[in-house]
Every structure is written in C-alpha cells, then in structure tokens.
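Geometric and topological summary
The lines below spell out each chain.
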Amino acid sequence: MIRAVQRLEFANVFPEEEPKEILEYLSKMSRETLLKFIGFSTTKNQPNYDRIFSNPEKQQEINKRVADYVRAHQIPERPILISRESSLMLSEIILANRDSFLENNENEGIDEDELNLFKAYLLVNLQANKKQNLGNAQDNIDRMAEMLIAMSFSSADTGVFEDDDIEFAKLLYATVVKFELLLEFVNEDENKYLGEALGKEFNQENLEQLNYQVKLLVATLLRMKHQNSYILSPEREDHINFLNTLTNAEIEVSDDFTNLKKFPLYKIDETQFSLVDYFYLLDKFFKSVRFILKDAFIAYHGLDPKDTSFFSFYNTDFSEEVVMKKILDEIFHWKYMVKRQEAARRDNEPDYYVRHNNRIYLFENKDILVRADIKSSSDIEKIKILLDKKFVHDGDRHVGIGQLITSIQQIVDKTFAYDDYVNQKNNLSIYPILLVSDRVFEIPGMNYLLNNRYNELVKKRLGDKYNPSLIKPLTFIDIDTLIFWAPYLKKKDKNFRELLDRHHKAMKTRVVINNPNLEEGMMQARKGMYKQLSPISFRLEEFQFPMNLLVDKFRDVLPE
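The present account deals with the structure reproduced in this document. Since we're looking at a predicted model, the values are computed, not measured.

1. A look at the overall build of the protein
- Within the protein one finds 24 helices and 10 strands.
- Taken over the C-alpha trace, the protein has a radius of gyration of 25 Å; the compact-globule value for 560 residues is 24 Å, and the two agree within 12%.
- Counting only C-alpha atoms, the protein reaches 80 × 70 × 50 Å along its principal axes.
- For the protein, the residues scored as buried account for 55% of the 560 residues in total.
- Here the contacts in the protein between residues at least 6 apart in sequence split such that 76% fall between residues at least 24 apart.
- Of the roughly 26400 Å² of accessible surface on the protein, 48% is carried by carbon and sulfur atoms.
- Separation between the mean location of the 76 positive side-chain charges and that of the 90 negative ones in the protein comes to 7 Å.

The following block contains the structure:
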C-alpha cells in the first residue's frame, strides 16, 4: 500500500537555523559514506528519522525536535525522512559532483557524516515537496485519485508500493520475456542493423552473447534482491566488460533521473559495482534500449536526428505486432474464440479484438513516451493534459479511449467491419481495454480517473444507445501485468472476464463508514478509497506466480 505521509523538511526540524546548499553538507561527508549511501539506499527497511544517528544523545535531540513539530502542527501521521525519490535525487547529486568532493572532503567522523546526510535529506525533501501540485477535485474520491497520481507518477518506475518485491518479480520476468522477443525482432533480416547496434552498445560480438550476459545479470539481481544486497562482484572478465557498459564517469543532474537510467550501475573499483536502482537496471534492457535502436534507425535511413518516424515503426511493428499480439494470443488461445477478421477497409481497426460467444474484448495498445519534465513535475494538471492527449484525443484524431469508443459505436450501430456476427446481435457485452507498455501508468487513481473520462465521452457519443449493463467500464492495464498473469489467465476462459468484473466492481464500490470513533472512521474511509482507486494489478492478490517459469529462463546461466 502507498503511504500518503509528509516528508520532513529542513525548517520542520531546524527552524532556528539557516540552511546551506546541499553540496556543502555532502562535501563534508567521507568518501566511504557517500559511496555506501548510493547502494544502501536501494535496500529494504530504510530507516526513518528516529534511526539515523549512532550517537544516542544526538538521536534523542532529533526525536524531540520532530515531536515538537508534529505536536505544534497537529500532524496526524508520523512524517518520514527517506523516500525513494529523495534517495535518487541525492545519489544523482553525489555522482554528478563526485570529482569535487569524493576525493577531498572535510570529514570529521561518523557523527558529522550522519548529521550532514540528515540535513541533505531534509533539503532534498523540500525540493520534492515543492513539485507536488495536487490540483482541484469535485469530491473526496476524485481528490484522492488525483493525489495518488501526483504522488506516484514521478517515481512509479522505481516501485509504487512499500513492499516492492512483487513489483520487482513482475518486472524481472516481464523484462526477460520482452527482451527475448526484442532479440528475435532485431535478428530478422530487415532489422539486423538494429541487432548490430545493440551488440555494439553492450560490447558483445553477437546477440547470443548479449542474451547470455543480460540473463546472467538478471539472475544475479534476483539473488541480490532476496539477500538485500547492492554490491556486484563478478568474477568473469567478460561479465565485467559487459557491466562496464552500464556505468559512466560523467553523470549530470537531470529531470526524471535520465542519466541514472542510462547508467544504473556505479563502478567502485575494477571488480566491484554498486547498484543505483534495481528497477532502473532492469529497465535498461527494454525500456531504455529503444533509444539505442532509434539512433541506429536514423543513421541507417539517413534521417534528421530529430526525425520521429522510428517511434511509429517501433510501436507498430514491434510493440503492437510482436509483444502485444504474442502475449494476447497466448492468453486467448482457445480455438473457439473469434479473433479479428480481415476486412476490405482498415479505418479505425482495433489493435486487438477477441470474442467469446457474445462477450467482446476490445484492445487499444499505447506505447508512449512521457517527457521528463512532465513526469518529474508531480503536477496533476500537467499530467491530466498529457493523459488526454495520449489516451483520448491527439489534435484531430481519436486515440486510445477515443478509438475504443469508435469501435463500440460501430458495434452498437451494426457497422463493425471486423466480425460480421456482432452486426446481427443485440445482447453483446463489450469490454474496452486500454493496454499500455509503460508500467508508470499502472498506479492507484489512474484507471479511476481515465474511466471517468471514458464514461463522459462514451455517453456523449452514443447518446440514448448507451447501455451500461452491456458496455463495460474502461480497463486500464500494462503489458507487464498481462505477461506476469498469463499462466493464470490462460488456464480457464472465464478467468480474464471474472478478473475484469472484479476490478470494475471494486472501482464502483464506495465504503460506507459507521464508526463513532472519528480517527478510526477516517482510517477506514482512506482504506476504502484506496481499494476503490487501486489498479487492476492489485486485484489478484491470491495469484502465486509459478517460479519454475522464472527458473527455466535462467537454466543456461545458473550453475547445476
């Protein structure tokens, strides 16, 4: 569950003190502490403000200062010092400025190290808190949806929930599956130049070697996450050479941690590496490689560096025709299910269509990029504008939700060109599904907000033909969740439909609170709204991923 609690700021703890620059505090810390911090910040069970100091007297003083602030301002929940976003901000600052203070600092001992790190966190928290613009909402549930989106969006690719083990396992397995599909795609005759570019980027002679190195690293990450470790100590020279391609001596502070995502390892010495972030390291082998492919595509076709035609090629030829189609074909594998039929015209053709008797699943696939300044802004108004452009209407054309409504309208009007059967029937159940490639959208509040927008538009376009008992709510889901759940979804043909129905019911269910205790009642209300706003990936808690599928992926790199 996501915690909506306050990050401590400098003035909250040291109201009488004029803060210095963050770099000034960091420059007084020892090199050992700074380097250890980058990796340690990736581990579980990060300490709060009351477990920072080794010196009991100093810790007692800080505890009293925070308690005085909480009491004076009637803060309902204990504030936090450390968040993943704040830790990444500090890591980026350390790596971007390491030449200026990693070798020469004025360290005065562990007590000073801890105090300087504490104050640096407080200042970084001030920057993070300033970014959040939560906007306005019509009622409590809308307000909560927007708050959760604004709080989660900027750091969703580092894990949304407090316990991120399931998120990590899902990303790890999905990354291996998608990377294998990518290697097959770039190994096709017409795309071999893309495969060559990947091999060169990671210092590998061929794609087979690249696949081996990536899987060896991913298997190592799985073990490290289980052990709560952050140091890689590879023994093989070829693996060290591969890991060297994931580090860089030059890091700049940037929006959305762009440089940390490009280089998610820090090189400690010739044989040791430290993690910057588990999720960023996995993302390097699917989410980030598209930019390597983009450069190769532009060079191969002699295009202007600013040309954007690569993304149309990648999104259609790979994301849609390979990844989406292969995963959905695996899930909807029953021969009695009807898939999209050929039609003379292809106007407004759904990205994927499947029908089981009178039940229709309509898919639109969106593999989009989010500008770093918008993603890192935590500004709900900017995020809502982005969502409308990418998922509803872009200029003069319907996209995503707009395309789904167009297909629904054709089915209702009996002019649907891709399945003649539906034009003869009235009692059809239609499930519109917006499938996205980036998991940053699979956050609490997002499906609720987009479903509200969908409801507004579908009612407007269909008018009196709109029947909510037959036309279902919008389901918003990411491809990683489908990949992870595929073993369950393909077992029985009813599993997918039952999961969607469960999700729709939860989105509509508002908890009625009848508790005379105000504090307990507020807590119940928050939990009820959180459940209502949860993404679909939160709805299958009983699912146990079959670990043999994961082990099978690494049999060629694991010792017997």
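2. Overview of the packing of helix H8 (residues 140-153) against helix H18 (residues 380-391)
- Their axes nearest at 10 Å, the elements H8 and H18 cross at an angle of 90 degrees. Here H8 lies roughly perpendicular to H18, going by the angle between them. Residues Glu146, Ile149, Ala150 and Phe153 of H8 form the contact with H18, whose participating residues are Ile380, Ile383, Lys384 and Leu386.
- Class assignment for the residues of the contact of H8 with H18 results in 6 nonpolar, no polar and 2 charged.

3. So, empty space enclosed by the protein
- Applying the stated rule across the entire model yields 3 cavities of 30 Å³ or more.
- Quantified by volume, the largest cavity comes out at close to 50 Å³.
- At 3 residues, helix H16 (residues 309-331) tops the list of elements feeding residues into the lining of the largest cavity.
- Classifying every residue of the lining of the largest cavity gives 5 nonpolar, 3 polar and 2 charged.

4. Some thoughts on the pairing of strand E5 (residues 352-356)
- For E5, the tally of buried residues reaches 5 of 5 residues, placing the bulk of the element in the interior.
- Where burial is concerned, the two faces of E5 agree: the one with Tyr352, Val354 and His356 and the one with Tyr353 and Arg355 are both buried.
- Taken together, the 2 bridges between strand E4 (residues 338-339) and E5 define a ladder with antiparallel strand orientation. Each residue of the ladder has a partner; that of lysine 339, found in E5, is valine 354.
- In this sheet, strand E6 (residues 359-366) lies alongside E5 in antiparallel orientation, the contact comprising 5 bridges. The residue of E6 that forms the bridge with arginine 355 is isoleucine 360.
- Hairpin remark: E5 followed by E6, antiparallel, with 2 residues in the connecting loop; positive phi at asparagine 357, about 55 degrees.

5. Here's the deal with the packing of helix H10 (residues 192-201) against helix H15 (residues 289-301)
- Between H10 and H15, the least distance of the axes is 9 Å, while the angle of their chain directions is 125 degrees. Relative to H15, the element H10 is oriented oblique. The two elements H10 and H15 meet at a crossing, and its hand is right-handed. Across from Tyr193, Leu194, Ala197, Leu198 and Glu201 in H10, the residues of H15 making contact are Val289, Ile292, Leu293, Ala296, Phe297, Tyr300 and His301.
- Among the residues making up the contact of H10 with H15, the classes are represented as 10 nonpolar, 1 polar and 1 charged.

About the thresholds
- Residues numbered from 1 in each chain as written.
- Predicted model: local features only at pLDDT ≥ 70, side-chain atom pairs only at ≥ 80, totals over all residues.
- Heavy atoms only, no water.
- Helix = DSSP H or I, 4+ residues; strand = E, 2+ residues; numbered from the N terminus.
- Rg over C-alpha atoms; globule rule 2.2 N^0.38 Å.
- Buried < 20%, exposed > 50% of the residue type's maximum accessible area, 1.4 Å probe, protein only.
- Contact = heavy atoms within 4.5 Å.
- Areas by Shrake-Rupley, 256 points an atom, 1.4 Å probe, with all protein chains shown as cover.
- Lys, Arg positive; Asp, Glu negative; His and termini not counted.
- Charge placed at Lys NZ, Arg CZ, Asp CG, Glu CD.
- Axes fitted to C-alpha atoms, helices over the stretch in contact; angles between N-to-C directions.
- Parallel < 35°, antiparallel > 145°, perpendicular 65-115°, else oblique.
- Nonpolar A, V, L, I, M, F, W, Y, C, P; charged D, E, K, R; others polar.
- 1 Å grid on protein atoms, 1.4 Å probe; cavity = no way out; pocket = protein on both sides within 12 Å on 5 of 7 lines; lining within 4 Å.
- Points joined across faces, edges and corners; volume = space filled by probe spheres on them.
- Pairing = 2+ DSSP bridges.
- Left-handed = near helix turned anticlockwise from the far one by under 90°.

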